[in-house]
Each structure stands twice: as C-alpha cells, then as structure tokens.
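Residue-level listing of the chains:
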Amino acid sequence: MMWYQTKITKLLGIQYPILLGPMGGGFSTADLLATVSNAGGLGSFGAYTLSPEEMLRAADEIRLKTKKPYNVNLWVSDVDEQLKSYPVAEIERVKGLFKPYFDELGIPLPELPADIPSKFEKQVEALFQIRPAVFSFIFGIPSPEILKECRRLGIKTVGGATTLDEGILLESAGVDAIVAAGFEAGGHRPSFLQPAQDSLTGTFALVQQLKAKVRTPVIAAGGIVDGKGIAAALTLGADAVQLGTAFLACEESNATAVHRELLFTDATKYTVLSKSLTGRMGRMLRNRVSQEIPFSTDVLPFPLQTRLLAALKPEVFRQGKTDLVNFWSGQNAVSLKHRKAEELMRSLIEEVSELRSSDKDVDSYFEAGDMGG
C-alpha cells in the first residue's frame, strides 16, 4: 500500500491524506480551497463568522473552481455563555483597560452591545443545502439530530479534540474522524470539556493517545508544515494531517500582506497563547497587547472582545502600528518556504514520497542481511 492510501483518503474520497486547516475569521478563500482539493487533498472553508446567505454564496464560488470533495467548518459554540447576562459595568471596565490603545491611535472606543446571538443553528441549515463532502466542527459536538441528518445526506463529520477525553466523547457521538488538535497549532485552541489552558497536549502525544483508545480515524494537526512532519505523523499512527499556518502564508489565503510577510520573518520565533485579543485562547505571533495584557487578566467574553479589538484594525493598518493586531501562527512557522499553495502541495507530496521511498530502501537493506564490510 502506498503511503497516501489511508483510512481518511478512502473515507473522504481524496487522493492524499493532506487537509487544509479550515481557517475562519475571513482567512479562507475559494481559491485556496480549490487549489488543495484539485491537487488531491481536502480543501476547507472556515465559515463560523459567515451568515447563512454568505455561506451559500461562498459555496457557489467554490463550485465554479472545483468538483472535488471539500470541507466546511463551523463552531458549535460561537458565543460564550457568559454573554447572556454580562454586566454593562464589566464591559466598561474592560473598555477602560484597552482605552490607551485607542487614545494612541486617536480613535474613540466603540459601543459594544452584549446581545450577540449564536449563528450555529442557522449555519447548519445552510450547510445542509450546500452538502459539502465533509462537515468539520470545533468547540463542541453538534446535536445527535444534526449528526444524523449529516449521515442521511452523505456528509462526513469531523470533530476537533484537544484532549483524549474529548476524542473519546467525539467517538461516542459517532463522528467519522477526529482531528488531534495539538497545542502547537496556530489560531484558537478549540477545547470544550476543560478550559483551554488546561488542555495543552502536544500534537504527537495526542495522536498516540487517541490511536491507543479510539477506533475512529485520527487527523494530526499542529506544528506540521512540511513532508517530514507529515511522515512523522503518519508513522505515529495518524490517518491524515491538517496544515493551517503553512497555507495561511500562501498568496491564495485572505490573510493580509503584512500577516503573510511576517510568517517568513524572525517574528515566528516568538508565538504566544493569549486570550487578550479575542476573548478565547489562541496561538499568535507575540505582540504588544499579548505582552501588556497578560493571560491572567479578565477580558470580555468571545466574540465581544474580538469586536472591541477589531475597532482598532483600520487605523492600526493606516498608521502602521501592526503590533496591536493579532497575527495567527503555529509554533513551527520558522520552517515555512512556500508562498503558493500549489507549490506547497507539490512539495509536501514529493517530500513524503521521497522519505517513504528511503525508508523502504533501508528496510530492504537490513532484510537482505547485507550489513556491509
């Protein structure tokens, strides 16, 4: 069997067990998704911030660019529970904490109504209309009714786990595959059983834990950016890998030019886990806010904190003070090389193929009993 023939490739109907990380928050594009899917992997689209109507329009664009399987990702919990009865006085307290940044840029603090309804149920209705090959989700598990309808429609379900307990719960819910989301990964830490700061298992440790305790196929995610990382994950038992930061750095992503360029600089040596910019823990490039507002500081719940800091962005980019913006990055961005998604996919496939070919040569050498000299 070739290295790329795994449970996941068979399950999802793809050629290579390489998945595009479903980057939400506006970073996904139809071009990036299609490039990965058309190259034999599984393209993904992070849709948690989109309205149902925006999801349908995105799906129309995707259909023009690829006929191959792809994934749509949503957040089961897209609004923190605390927002249901969040005190106005607390909103004002946190706004005051961040006021110096607004003053520095010469802009007023925004009005922040705490009444933010969840989009998830309506988004799922749109997803059923779209009928992607795969529906992946994080920050929880959809209801049994939603998972049942996915099975009826032939949509494969993939849940994200940051701990073994979360993986076991996902398997008991009947998902088709589990993403082992290691703490090395860029972006939000999608823990849902315990607080994110208490769910910091590394990718390769989590893959091995899951393979020891669940039968559901496992997808390794976090800190994997090249063929060596893919080969290592597969060797440890992963049935596929998911790459986020490596594709985020490509021109086809919707990351800003500043963000993409930073991913090829020494700034990537310093990533941090912070909740100060969005209200939920995520891994990003170290910046002023993450340093000056430590993790222990109480900030607004998600996504209210995101809305507070989003008000800074237009002026931040206009004035060039980009150390006040969160730029997501995994821990291994120092190894990034490619700026085009097609080149990245080709490199990944070729490198793993070469590594696996070398492994077979070594195995044959020892099996023949030829120790030389």
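Residues numbered from 1 in each chain as written. Predicted model: local features only at pLDDT ≥ 70, side-chain atom pairs only at ≥ 80, totals over all residues. Heavy atoms only, no water.

Regarding its fold elements, the chain presents 15 helices and 11 strands. The globule rule puts the C-alpha radius of gyration for 373 residues at 21 Å, and the 21 Å found for the chain is close to it. Surface exposure of the chain reaches about 16,600 Å², of which carbon and sulfur atoms provide 51%. Averaging the locations of the 40 positively and 44 negatively charged side chains of the chain gives two centres separated by 3 Å. (Helix = DSSP H or I, 4+ residues; strand = E, 2+ residues; numbered from the N terminus. Rg over C-alpha atoms; globule rule 2.2 N^0.38 Å. Areas by Shrake-Rupley, 256 points an atom, 1.4 Å probe, with all protein chains shown as cover. Lys, Arg positive; Asp, Glu negative; His and termini not counted. Charge placed at Lys NZ, Arg CZ, Asp CG, Glu CD.)

Moving on, we get to helix α9 (residues 227-235). Considered for burial, the residues of α9 that qualify are Gly227, Gly229, Ile230, Ala231, Ala233 and Leu234. Positioned one or two residues after α9, Gly237 has a phi angle of 115°, which is positive. (Buried < 20%, exposed > 50% of the residue type's maximum accessible area, 1.4 Å probe, protein only.)

Let us look at the environment of Pro87. Checked against the element boundaries, Pro87 lands in the loop between β3 (70-75) and α4 (88-105). The exposure class assigned to Pro87 is partly exposed, which follows from its relative accessible area of 43%. Along the primary structure Pro87 and Lys148 are separated by 61 residues, whereas in three dimensions their C-alpha atoms are 38 Å apart.

Attention now goes to unusual backbone geometry. The omega torsion of the bond from Phe302 to Pro303 falls at 0°, within 30 degrees of zero and hence cis. Tracing the sequence through the fold places Pro303 in the loop between α12 (288-292) and α13 (304-310). Of note in the backbone geometry, Arg131 takes a positive phi value of approximately 55° without being a glycine. Mapped onto the fold, Arg131 is located in the loop between α5 (120-130) and β4 (134-138). If you check the backbone angles, Phe139 has positive phi at about 60° while not being a glycine. With respect to the helices and strands, Phe139 occurs in the loop between β4 and α6 (144-153). With relative accessibility at 8%, the residue Phe139 sits in the buried group.

The next thing to look at is the sheet that holds strand β10 (residues 271-274). Pairing is antiparallel across the open sheet formed by 3 strands, whose spatial order is β7-β11-β10. Sheet topology places β7 (187-188) and β10 at the edges, where each strand pairs with a single neighbour. With 4 bridges joining them, β10 and strand β11 (residues 282-285) adopt antiparallel strand pairing. Bridge pairing in β11 places Ser274 opposite Gly282. (Pairing = 2+ DSSP bridges.)

To summarise the sheet geometry, strands pair through backbone hydrogen bonds and adopt either a parallel or an antiparallel arrangement. In space, the 8 strands of this open sheet follow the order β1-β9-β8-β6-β5-β4-β3-β2, with parallel pairing throughout. Edge positions in the sheet fall to β1 (18-20) and β2 (43-46), since each has one partner strand and no second. Taking each pair of neighbouring strands and ignoring which way they run, the sheet shows an average axis angle of 25°. (Axes fitted to C-alpha atoms, helices over the stretch in contact; angles between N-to-C directions.)

Moving on, we come to the packing of aromatic side chains. In the structure shown here, the tally under the stated rule is 10 aromatic pairs. A centroid spacing of 3.7 Å and a plane angle of 10° characterise the contact between Tyr48 and Trp75, whose relative ring orientation is stacked. Of this pair, Tyr48 sits in the loop between β2 and α3 (52-65) while Trp75 sits in strand β3, placing them 27 residues apart in sequence. The exposure class assigned to Tyr48 is buried, which follows from its relative accessible area of 12%. Look at Trp75 and you get buried, because its relative accessible area is 4%. The ring of Phe139 has Arg280 sitting right over it, with the charged end atom 4.4 Å from the ring centre. Directly above the aromatic system of Phe264 lies the positively charged group of Arg339, at a separation of 4.0 Å from the ring centroid. (Phe/Tyr/Trp six-rings, centres within 6.5 Å; stacked < 30°, edge-to-face > 60°. Lys NZ or Arg CZ within 6 Å of the ring centre and 35° of its normal.)

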